[in-house]
Structure formats: structure tokens, C-alpha cells
Amino acid sequence: ETGVTQTPRHLVMGMTNKKSLKCEQHLGHNAMYWYKQSAKKPLELMFVYNFKEQTENNSVPSRFSPECPNSSHLFLHLHTLQPEDSALYLCASSIRQGPSTNEKLFFGSGTQLSVL
Amino acid sequence: AQKITQTQPGMFVQEKEAVTLDCTYDTSDQSYGLFWYKQPSSGEMIFLIYQGSYDEQNATEGRYSLNFQKARKSANLVISASQLGDSAMYFCAMRDVGDDKIIFGKGTRLHILP
């Protein structure tokens, strides 16, 4: 148990479906992250939220829509996805306290997404 | 712009031997942090070790140590006395000061042979 819980663990969806990924952290952290991990590619940062405010959007297509209602919960809403969006989606959290560099990420187990 | 480079896609090492995983980075900031994570086949990312750019000593955590060479922008992970359970993907990562994001390299897949 890492303190970061992602659901569902696996998701298969058609290109016209709408689904959501959920992430919850019980660590008291104030920053939450979405990463995409595809085969043969580095982990790609998608979004960062710090105290519920989005601070990073790494040129992610609008078919991915994040939502952070509070510091403990993070969602990724999916619609009209493409087969190339199939990947492992990892959620992470950390403490962010000013200009520091040592705050490590705590990751969930990920959602393996397949788009048909 | 920040960049992390891991040039070893895969490595095979005999059990009980030491192994070095390479990582080079690029940043224009003077203050930054470097991380190593392990990802077993289960998919979970596990934090291993951290090195700050102003830390004078190389970081160590049990069997893990970080060979930090600032002038060469190198942050290699050294695993001593490797074990079968060390077989996994290993990722080098970096955060610039004041930056919320952490960027990752492509990773190195380590295979420990019995």
C-alpha cells in the first residue's frame, strides 16, 4: 500500500466512449500528477495540480480533461480517445513547499488503458 | 530545457555483482534534484534515492548509491551485491528548483541472472 490508490486497474474502451480515471491519496500531500507511460517512451508528464490549481499542462490533447476537486482526489476524464492513447496512466502525489527540489513522488499502481 | 538521458536500454548482470546504471541530464538551473525510481513488472514506481545539486556527498541508501558528477552532469545509480529481486526497469528523473514537474528518462531494464 503506497498511499496512492488508482481505479480502475484496467480499462478497455471504444473510441466513442467516455470514461474517467480516479486517483486518491491518503498522504496529506498537496500536489498531484498524471503521467502517461507508453511502450518504448519515457514517462510523459501530462498535468500537475498544486493546491488544486493546475500548474502544468504538457500540451495534452483536449480529449484528456483533468479535474482536481481537492488535494486528495484527482480525476482524468477521457472522451473520443484514439488507439495511440493506449498506455499505462500513472497518478502520483508529493508535498510541495516553496522552492525546494527534494520532494519525491509517491505513485499509484496505474490504470492500464486499452482503446479499441 | 530539461532533459534526462539513459543510454542503456537493457543490461544483464550476474547475481551478487555490482551494477552501474547511467544517467546524464541537462538543465540551465543551478539548483535541482535528481531521483532514481524502480519499476518492477507489477508496474508500481518505487523511489530509491535522491541527490540535491548542492549536496557535497554522494547519496547512499542501503545497497543503492548515486555517483554524482556535477561537472559532467552525470548521476549514475550503483547497486551493490545485486539480487534477483533487483530485476526491473530503472528510471532517472529530475526536478528544477521551484518547478512542480519532475521529468523522467526512458529507463534501463535490468536483468539479474542467477
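In case you missed it, the structure is sitting above this.
Residues numbered from 1 in each chain as written. Chains lettered and ligands numbered in written order. Predicted model: local features only at pLDDT ≥ 70, side-chain atom pairs only at ≥ 80, totals over all residues. Heavy atoms only, no water.

J.: Quick question: what am I supposed to make of the overall build of chain A here?
T.: Assigned secondary structure in chain A consists of 0 helices and 11 strands. When the elements of chain A are put in sequence order from the N terminus, they spell out β-β-β-β-β-β-β-β-β-β-β. Taking 2.2 N^0.38 as the reference for a compact globule, 116 residues should give roughly 13 Å; the C-alpha atoms of chain A span a radius of gyration of 14 Å, in line with that estimate. Each principal axis of the C-alpha atoms in chain A carries an extent, and together these give about 40 × 30 × 30 Å. Within chain A, the fraction of its 116 residues that count as buried is 47%. (Helix = DSSP H or I, 4+ residues; strand = E, 2+ residues; numbered from the N terminus. Rg over C-alpha atoms; globule rule 2.2 N^0.38 Å. Buried < 20%, exposed > 50% of the residue type's maximum accessible area, 1.4 Å probe, protein only.)

J.: Got a minute to help me understand the state of the cysteines in this structure?
T.: Should the sulfur atoms of two cysteines be covalently bonded, the bond is a disulfide. Applying the stated rule across the entire model yields 2 disulfides over all chains. The disulfide partner of Cys23(A) is Cys91(A), and the S-S distance across this bridge is 1.9 Å. As the torsion about the S-S bond is roughly -75 degrees, the Cys23(A)-Cys91(A) disulfide counts as left-handed. Of this pair, Cys23(A) sits in strand S3 (residues 18-25) while Cys91(A) is found in strand S9 (residues 87-94), placing the two residues 68 residues apart along the sequence. No difference in accessibility class separates Cys23(A) from Cys91(A), as the two residues are buried. Here Cys23(B) connects covalently by a disulfide to Cys92(B), the sulfurs 2.0 Å from one another. Across the disulfide from Cys23(B) to Cys92(B), rotation about the S-S bond amounts to roughly -65 degrees, and the bridge is consequently left-handed. You can see Cys23(B) sitting in the loop between strand S3 (19-21) and strand S4 (24-26) and its partner Cys92(B) sitting in strand S10 (residues 88-96), a full 69 residues away along the chain. The structure places no disulfide on Cys68(A), whose sulfur is separated from the nearest cysteine sulfur, that of Cys91(A), by 9.0 Å. (Disulfide = S-S within 2.5 Å.)

J.: Please clarify how the packing of aromatic side chains should be interpreted in this entry.
T.: Each pair of aromatic rings is reported with the distance of its centres and the angle of its planes. Summed over all chains, the structure comprises 13 aromatic pairs over all chains. Measuring from ring centre to ring centre gives 6.1 Å for Phe107(A) and Phe104(B), while their planes differ by 75 degrees; the resulting arrangement is edge-to-face. Separated into two different chains, Phe107(A) in strand S10 (residues 106-107) and Phe104(B) in strand S11 (residues 103-104) make up a pair that spans both. Each of the two residues, Phe107(A) as well as Phe104(B), counts as buried. The interplanar angle of 65 degrees and the centroid separation of 6.4 Å between the aromatic rings of Phe35(B) and Phe47(B) together place this pair among those described as edge-to-face. (Phe/Tyr/Trp six-rings, centres within 6.5 Å; stacked < 30°, edge-to-face > 60°.)

J.: When you look at the sheet that holds strand S8 (residues 73-79) of chain A in this model, what are you seeing that I'm missing?
T.: All names here are of chain A. A sheet is described by the order of its strands in space; here 4 strands give the open sequence S1-S3-S8-S7, paired in antiparallel fashion. Each having just a single partner strand, strand S1 (4-7) and strand S7 (64-70) make up the two edges of the open sheet. Adjacent strand axes in the sheet meet at a mean angle of 15 degrees, parallel and antiparallel pairs treated alike. Here S1 pairs with S3 via 4 bridges, running antiparallel. Within the sheet, the bridge partner assigned to Thr-5 lies in S3 and is Glu-24. (Pairing = 2+ DSSP bridges. Axes fitted to C-alpha atoms, helices over the stretch in contact; angles between N-to-C directions.)

J.: Can you walk me through the pairing of S7(A) in this structure?
T.: Side-chain positions along a regular strand alternate between the two faces of the sheet. All names here are of chain A. Where S7 lies against S8, 5 bridges are found, and the strand directions are antiparallel. Across the sheet, the residue bridging to Ser-65 is His-77, located in S8. Two successive antiparallel strands, S7 and S8, enclose a turn made up of 2 residues.

J.: Help me out: how do you make sense of the pairing of strand S8 (residues 64-69) of chain B in this one?
T.: Residue and element names in this part refer to chain B. With burial as the criterion, only one face of S8 is covered, namely that bearing Tyr-64, Leu-66 and Phe-68; the residues Ser-65, Asn-67 and Gln-69 on the opposite face remain uncovered. Examined bridge by bridge, strand S7 (residues 60-61) and S8 share 2 bridges and lie antiparallel to one another. Residue pairing in the sheet places Glu-61 in a bridge with Tyr-64 of S8. If you look at the hairpin formed by S7 and S8, you'll find 2 residues sitting between the two strands, and Gly-62 has a positive phi there, around 60 degrees. Connecting S8 to the antiparallel partner strand S9 (residues 74-79) that follows it, the hairpin turn spans 4 residues, and Lys-73 within it adopts a positive phi of roughly 50 degrees.

J.: Explain the interface of chain B and chain A to me, please; I cannot follow it from the model alone.
T.: A common way to express how large an interface is: the accessible area buried when the components associate. The partner chain A presents 25 residues to the 24 residues of chain B that form the contact. In total, chain B and chain A occlude about 2000 Å² of area from one another, counting both sides; carbon and sulfur atoms represent 56% of this. If you sort the residues of chain B by the area they bury against chain A, Arg95(B), Asp100(B) and Phe104(B) come out on top, with a joint share of 30%. Taking the shortest distance from any N to any O, the salt bridge between Arg96(A) and Asp100(B) comes out at 2.9 Å. One can count 9 residue pairs in polar contact (both at pLDDT 80 or more) joining chain B with chain A. Elements with a minimum of two residues in the side of chain B that touches chain A: strand S5 (32-39), strand S6 (46-52) and S10 of chain B. Considering every element that reaches the side of chain B that touches chain A, the biggest residue donor is S5(B), with 5 residues. In terms of residue class, the side of chain B that touches chain A is made up of 10 nonpolar, 7 polar and 7 charged. (Contact = heavy atoms within 4.5 Å. Buried area = accessible area lost by both parts, 1.4 Å probe. Salt bridge = Lys/Arg side-chain N within 4 Å of Asp/Glu carboxyl O. Polar contact = N/O pair within 3.5 Å; in protein donor to acceptor, adjacent residues only side chain to side chain. Nonpolar A, V, L, I, M, F, W, Y, C, P; charged D, E, K, R; others polar.)

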